[in-house]
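Coordinates in review
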Amino acid sequence: MASATPNPWGSLEPEPQNGGRRPLYPEVGSLGTLLRGVRKHCPRCVAGGMFSSWFTMRTACLRCGLRFDKEEGGYLGAMVLNFTVAMVLWIGVLVVGLAVTVPDVPVFPLLAASFAVLIGVPLATYPNSKAAWAAVEFLVAKTDPDYRPPVARDPRARGLE
């Protein structure tokens, strides 16, 4: 006959995070967060609409309120991402162009292709690189001890807070 004894180790269990409340937006891994950013979605809640126009990013998410720009001029990483993509594609165009036309290299068409890649690619990938960098900053902010993700609150406890 089993007796109902209290668990002597129950007090050693760690306290549930956020006081036992469930998170409002479920956590995803780092890769999922980066993919959200590349797709121009909020890294926390997956809401779209990070940009009000092609070159203008909103300051915060419309759904969860996550700030996208942590500090003024903090998008150096986004510029590096954008520059890296453009340079890799440009080097690819140069290598293929030179490999195909090695004895008689046509300078003007290769120069025109270079201008098209080095001007067009950064303009085309600007929003994606900026949103991807916002996802990287979100991943860094999650490791901060002061970071508190929003939690679902009990509507009955509204007057107690």
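Please read these numbers as outputs of a predicted model, since none were measured by experiment.

The subject of this paragraph is helix α2 (residues 76-100). In a regular helix each residue adds 1.5 Å, so 25 residues correspond to 36 Å; α2 covers 36 Å between its end C-alpha atoms and thus fits that length. Taken together, the buried positions of α2 are occupied by G77, A78, N82, A86 and G97.

Another point: empty space enclosed by the protein. What the rule picks out here adds up to one cavity of 30 Å³ or more. Of the pockets and cavities examined, the largest cavity occupies roughly 100 Å³. Around the largest cavity, the lining is made up of 13 residues, and of these Y25, P26, E27, R44 and F138 lie nearest the centre. Where the lining of the largest cavity is concerned, the elements lending two or more residues are α1 (30-38) and α3 (107-142).

By the definition in use, this model includes one salt bridge. A salt bridge links E27 to K142; its shortest N-O distance comes to 3.0 Å. With E27 in the segment before α1 and K142 in helix α3, the pair connects residues that are 115 residues apart, well separated along the chain.

Moving on, we come to the side chain of R44. As for its placement among the helices and strands, R44 is situated in the loop between α1 and α2. In contact with R44, not counting residues within four places along its chain, are Y25, R36, C64, L66, F138, Y147 and P150.

Let's shift gears to the packing of α1 against α3. Remark: α1 packs on α3, axes separated minimally by 7 Å, with the N-to-C direction vectors making an angle of 150°. The orientation of α1 with respect to α3, classified from their angle, is roughly antiparallel. Considering how the two elements wind past one another, α1 and α3 form a crossing that is right-handed. Contacts between α1 and α3 pair S30, T33, L34, G37 and V38 from the former with N128, A131, A132, A135, V136, F138 and L139 from the latter. A class-by-class count of the residues in the contact of α1 with α3 yields eight nonpolar, four polar and no charged.

Nonpolar side chains collect at one region of the surface, where W54, F55, V107, L111, F115, I119 and L123 lie side by side and expose about 740 Å² of accessible area between them. Of note, F115 is situated in helix α3.

Here we take up the side chain of S114. Take S114: it is sitting in helix α3. With residues up to four places along the chain from it excluded, the contact list for S114 reads W90 and L94.

Below, the discussion takes up the environment of F138. Position of F138 among the secondary structure elements: in helix α3. Along the chain, F138 and F68 lie 70 residues apart, while their C-alpha atoms are 8.1 Å from each other. With residues near it in sequence (within four places) discarded, F138 still touches T33, P43, R44, L66 and Y147.

What counts as what
Residues numbered from 1 in each chain as written. Predicted model: local features only at pLDDT ≥ 70, side-chain atom pairs only at ≥ 80, totals over all residues. Heavy atoms only, no water. Helix = DSSP H or I, 4+ residues; strand = E, 2+ residues; numbered from the N terminus. Expected span 1.5 Å × (residues − 1). Buried < 20%, exposed > 50% of the residue type's maximum accessible area, 1.4 Å probe, protein only. 1 Å grid on protein atoms, 1.4 Å probe; cavity = no way out; pocket = protein on both sides within 12 Å on 5 of 7 lines; lining within 4 Å. Points joined across faces, edges and corners; volume = space filled by probe spheres on them. Salt bridge = Lys/Arg side-chain N within 4 Å of Asp/Glu carboxyl O. Contact = heavy atoms within 4.5 Å. Axes fitted to C-alpha atoms, helices over the stretch in contact; angles between N-to-C directions. Parallel < 35°, antiparallel > 145°, perpendicular 65-115°, else oblique. Left-handed = near helix turned anticlockwise from the far one by under 90°. Nonpolar A, V, L, I, M, F, W, Y, C, P; charged D, E, K, R; others polar. Patch = residues over 30% accessible without salt bridge, like charges linked within 9 Å, V, L, I, M, F, W, Y side chains within 5 Å. Areas by Shrake-Rupley, 256 points an atom, 1.4 Å probe, with all protein chains shown as cover.

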